[in-house]
Amino acid sequence: MKLKIKDTVLVLLGKDKGREGKIERLLPKKDKVVVSGINVYKKHVKKTQENEGGIIDITKPINVSKVALKCPGCGKATRIGYIVVKDKKQRVCRKCKKVIK
């Protein structure tokens, strides 16, 4: 998976199309990511001894193919390329060719 935690991504498909957020969690076996504020659903929780009941917000995972990295250099949705500099592999924006940290 080419994305990393704390990368800013843009949503390309679905109900949150056009919105952006930071990656909170990666789920590489399922090919999904959890993005803050994206794909949020309501869940009704029954009252128990530990917690209070009510309606809570849950952020569900979204497929990696539905998001694109937002380049910090040019600010556009882009794909990720790689270059090798001094025996180190670095991520690069495919549009502006700047290194992504």
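This structure is a prediction, so every number in the text was calculated from the model and none was measured. Throughout, a residue's number is its position along its own chain's written sequence, starting from 1. Since the coordinates come from a predicted model, pLDDT governs what is reported: local features require at least 70, and pairs of side-chain atoms require 80 or more to be given and counted, while whole-chain, interface and lining totals use all residues. For side-chain calculations, the full set of non-hydrogen atoms in the structure is used, while hydrogens and water are omitted.

(A) Looking closely at the sheet that holds strand β9 (residues 80–85). Overall, antiparallel pairing links the three strands, which are arranged β9-β10-β11 in an open sheet. Strand pairing shows two members of the sheet lacking a second neighbour, β9 and β11 (99–100), which therefore form its edges. The pairing criterion for strands is at least two bridges between them, as found by DSSP. Counting from the N terminus, the helices are DSSP H or I runs at least four residues long and the strands are E runs at least two residues long. With two bridges connecting them, strand β10 (residues 88–93) and β11 associate as antiparallel partners. When the sheet's bridge partners are listed, R91 is paired in β11 with I100.

(B) Structural detail: the pairing of strand β7 (residues 67–70). Pairing of strand β1 (residues 8–11) with β7, which is carried by three bridges, proceeds in the antiparallel orientation. Looking at the pairing, V11 lines up with V67 of β7. Where β7 lies against strand β8 (residues 77–78), two bridges are found, and the strand directions are antiparallel. In the sheet register, K70 faces β8, and the bridge partner there is A77. Here β7 folds back onto β8, and the loop between the two strands holds six residues, one of which, G75, carries a positive phi near 75°.

(C) Expanded view of the sheet that holds strand β2 (residues 20–27). Sheet architecture is open: six strands sit in the order β6-β3-β2-β1-β7-β8, paired in antiparallel fashion. The sheet terminates laterally at β6 (62–63) and β8, the two strands that pair on one side only.

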